[in-house]
Amino acid sequence: MYFVNNPLGGFGTLVRSALFRLDPEIAHGAAIRALSAGGPVVRRMGLQVRDPRLEQRVWGVRFPTPIGLAAGYDKSGSAIPGWCQMGFGFAEIGTVTAQPQPGNPTPRLFRLPEDRAIINRMGFNNDGAAATAARLAQLARVGRLHGIPLGINIGKSKVTPLEEAAADYCFSLDRLWPYADYIVVNVSSPNTPGLRELQEASHLAGILDELLDLNRTKATLTGRHRARPVLVKVAPDLTDEQLDAVVDLVRSVGADGLIVSNTTLSRDGLRSPASLVAEAGGLSGPPVAARSLEMLHRCVSRAPELPVISVGGISTVDDVWERLAAGARLVQIWTALVYEGPLLVSRLTRGLLQRLEDAGLTIPELIGSERG
Ligand SMILES: Cc1cc2nc3c(=O)[nH]c(=O)nc-3n(C[C@H](O)[C@H](O)[C@H](O)COP(=O)(O)O)c2cc1C
């Protein structure tokens, strides 16, 4: 699936449609296995686009392009070198939980082709923080961990009661800290019972305080490292007032940014058959785009200094341009990979570079240039 260069785009489409006929979770597993096994082959395909105009520093970290892989595709960091070779400018693994967990019973992943959307209720299936840390340590030993910046997204284990959430998040931060360029506190998945309640300021303040304390301690203990940037990922189903409260809290506790947004529980405006629409779980893809963009505008105008990673329904160069111009520092994609195939990343990056060239801009100049 991932081993086709641009001149072979037709072949890429063919392989993509073959995968599309498979059960979505089997196709996803095959893609991860192909990527983790096929690194050197993918590298030779030349899918990476690098140009100084695409680069920027965020939180002191250099991002070669602003287009990243969103959390949930590579939950346990099984295919990290492959993301760089596919052309991403950064990748976020996870959600990783303190305890390994199998996730919800299958089927739990559904394509909605008529809406180019996905519904998932995976439930944080992942290998757990300790096993994931061991995998990352091994990659670091052979110098294959940091081809591009790596975000690590952490969430609460299903078995952990909400009132013990802070300790659960801290366990994962402690294990994964050495390998992360940034850390994401996921309090917005709809598929872990009660998790979204942690977005309420009273819960979130407690979790962030403990995580930021541990983050500073680890930075001091290791001496040569500064504290990791800590971001909060929010749901598109927050009301505007709830979003404002999260933005204010993130600012006041000294966290470093936001990821906007996760999947939605809303089913508004879908064309897909009612039986599919009725599946429980989080909806992603174009149906989330409008709310995700609206929330981006709101965050940027409330806290212009707080970097936001925009995610939700991004699939074209216009989408990438619009989010960056609105003030997102970085963008991520997930669902569009399923519908457009793996060459999408390279195509978007080339398209973005062409538009920068036409406009005579660099990425830092584009960001926020059309802020509402
Ligand atoms: C199958 C699937 C699994 C996901 N798992 C996670 C996850 O574990 N953690 C997380 O923060 N977001 C997860 N997401 C949400 C994505 O990271 C992203 O926020 C959302 O899908 C919107 O982007 P998109 O429209 O480009 O897909 C998942 C999305 C999908 C489709």
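In case you missed it, the structure is sitting above this.
These numbers were taken from a predicted model, which means no experiment stands behind them. (Residues numbered from 1 in each chain as written. Predicted model: local features only at pLDDT ≥ 70, side-chain atom pairs only at ≥ 80, totals over all residues. Heavy atoms only, no water.)

Here we take up the overall build of the protein. The helix and strand tally for the protein stands at 14 helices and 13 strands. Compactness check: the protein gives a C-alpha radius of gyration of 19 Å against a globular reference of 21 Å for 372 residues, within 12% of the reference. Expressed as lengths along the three principal axes of its C-alpha atoms, the size of the protein is roughly 50 × 50 × 45 Å. The buried share among the 372 residues of the protein stands at 59%. The contacts of the protein with a sequence gap of at least 6 include a subset with a gap of at least 24, amounting to 75%. Entry remark: accessible area of the protein is about 14,500 Å², with carbon and sulfur atoms responsible for 53%. If the 39 positive side-chain charges of the protein are averaged to one point and the 37 negative ones to another, these points end up 8 Å apart. (Helix = DSSP H or I, 4+ residues; strand = E, 2+ residues; numbered from the N terminus. Rg over C-alpha atoms; globule rule 2.2 N^0.38 Å. Buried < 20%, exposed > 50% of the residue type's maximum accessible area, 1.4 Å probe, protein only. Contact = heavy atoms within 4.5 Å. Areas by Shrake-Rupley, 256 points an atom, 1.4 Å probe, with all protein chains shown as cover. Lys, Arg positive; Asp, Glu negative; His and termini not counted. Charge placed at Lys NZ, Arg CZ, Asp CG, Glu CD.)

This next bit is on the sheet that holds strand E3 (residues 67-69). The 8 strands lie next to each other as E3-E4-E7-E8-E9-E10-E12-E13, forming a closed barrel whose pairing is parallel. Pairs of neighbouring strands in the sheet enclose a mean axial angle of 25°, with direction left out of account. Sheet topology places strand E4 (residues 90-97) next to strand E7 (residues 150-155); 6 bridges connect them, and they run parallel. Looking at E7, one finds that threonine 97 is bridged to glycine 155. Lying over the sheet, helix H5 (residues 129-141) contacts E4 and E7, oriented at roughly 150° with respect to E4. (Pairing = 2+ DSSP bridges. Axes fitted to C-alpha atoms, helices over the stretch in contact; angles between N-to-C directions.)

Pairing in this open sheet of 3 strands is antiparallel, and the strands run E5-E6-E11 from one edge to the other. Of all the strands in the sheet, the pair left with one neighbour each is strand E5 (109-112) and strand E11 (282-284). For this sheet, the mean angle separating the axes of adjacent strands, direction not counted, is 20°. In the packing of helix H10 (residues 286-302) onto the sheet, contacts are made with strand E6 (117-120) and E11, and the angle to E11 comes to roughly 90°.

This part takes up unusual backbone geometry. Between glycine 94 and threonine 95 the backbone carries a cis peptide bond, its omega angle lying at 10°. Proline 107 follows threonine 106 through a cis peptide bond whose omega is -5°. Looking at the element boundaries, proline 107 is found in the loop between E4 and E5. At tryptophan 59, a position not held by glycine, the phi torsion is positive, near 50°.

Considering all chains together, one arrives at 7 aromatic pairs under this definition. When the centroid spacing of 5.7 Å and the interplanar angle of 40° are considered together, the rings of tryptophan 59 and tyrosine 182 count as tilted. Within this pair, whereas tryptophan 59 is found in the loop between strand E1 (56-58) and strand E2 (61-63), its partner tyrosine 182 is found in strand E8 (residues 182-186), the two being separated by 123 residues in sequence. On the basis of relative accessible area, tyrosine 182 is assigned to the buried category, the value being 0%. (Phe/Tyr/Trp six-rings, centres within 6.5 Å; stacked < 30°, edge-to-face > 60°.)

Another aspect to go through is the site of the ligand. For the ligand, the set of nearby residues contains 24 residues, the closest of which are Ala71, Thr95, Gly285, Gly313 and Thr335. Within the side chain of lysine 75, a nitrogen or oxygen atom sits 2.9 Å from an oxygen atom of the ligand. A distance of 2.8 Å is found between an oxygen atom of the ligand and a backbone nitrogen or oxygen belonging to glycine 285. Elements that contribute at least two residues to the shell around the ligand include exactly E4 and E6. (Near = heavy atom within 4 Å. Polar contact = N/O pair within 3.5 Å; in protein donor to acceptor, adjacent residues only side chain to side chain.)

Evaluation of the coordinates by the stated rule reveals 1 cavity of 30 Å³ or more. Residue assignment for the lining of the largest cavity shows that the elements contributing at least two residues are helix H1 (9-21), helix H2 (24-37), E5 and helix H12 (335-340). (1 Å grid on protein atoms, 1.4 Å probe; cavity = no way out; pocket = protein on both sides within 12 Å on 5 of 7 lines; lining within 4 Å. Points joined across faces, edges and corners; volume = space filled by probe spheres on them.)

Here we come to the pairing of strand E13 (residues 330-333). Across the two faces of E13 the burial is the same, with Leu330 and Gln332 and Val331 and Ile333 all buried. Note: E3 against E13, 3 bridges, orientation parallel. Paired with isoleucine 67 across the two strands is valine 331, which belongs to E13. With 3 bridges connecting them, strand E12 (residues 308-311) and E13 associate as parallel partners. Across the sheet, the residue bridging to valine 311 is glutamine 332, located in E13. Read from E12 through helix H11 (residues 317-325) to E13, the crossover connection turns out right-handed. (Right-handed = clockwise from strand over helix to strand, strands pointing away.)

Before going further, it helps to spend a moment on the layout of surface pockets. Regions of empty space are outlined by a rolling probe, equal in size to a water molecule, passed over the atoms. Each pocket or cavity is described by its volume, and for the largest pocket that value is around 740 Å³. Along its surface, the largest pocket is lined by 45 residues, and Ala71, Gly72, Tyr73, Lys75 and Trp334 are the ones closest to its centre. Mapped by element, the contributors of at least two residues to the lining of the largest pocket are H2, E4, E6, H10, E13 and H12. The leading source of residues in the lining of the largest pocket is H2, at 5 residues. When the residues that make up the lining of the largest pocket are grouped by side-chain class, the tally is 16 nonpolar, 23 polar and 6 charged. For the second largest pocket, the calculated volume is near 420 Å³. Ranked by residue count, the leading element in the lining of the second largest pocket is helix H7 (residues 201-222), at 5 residues. Taken together, the residues of the lining of the second largest pocket break down into 9 nonpolar, 6 polar and 8 charged. (Nonpolar A, V, L, I, M, F, W, Y, C, P; charged D, E, K, R; others polar.)

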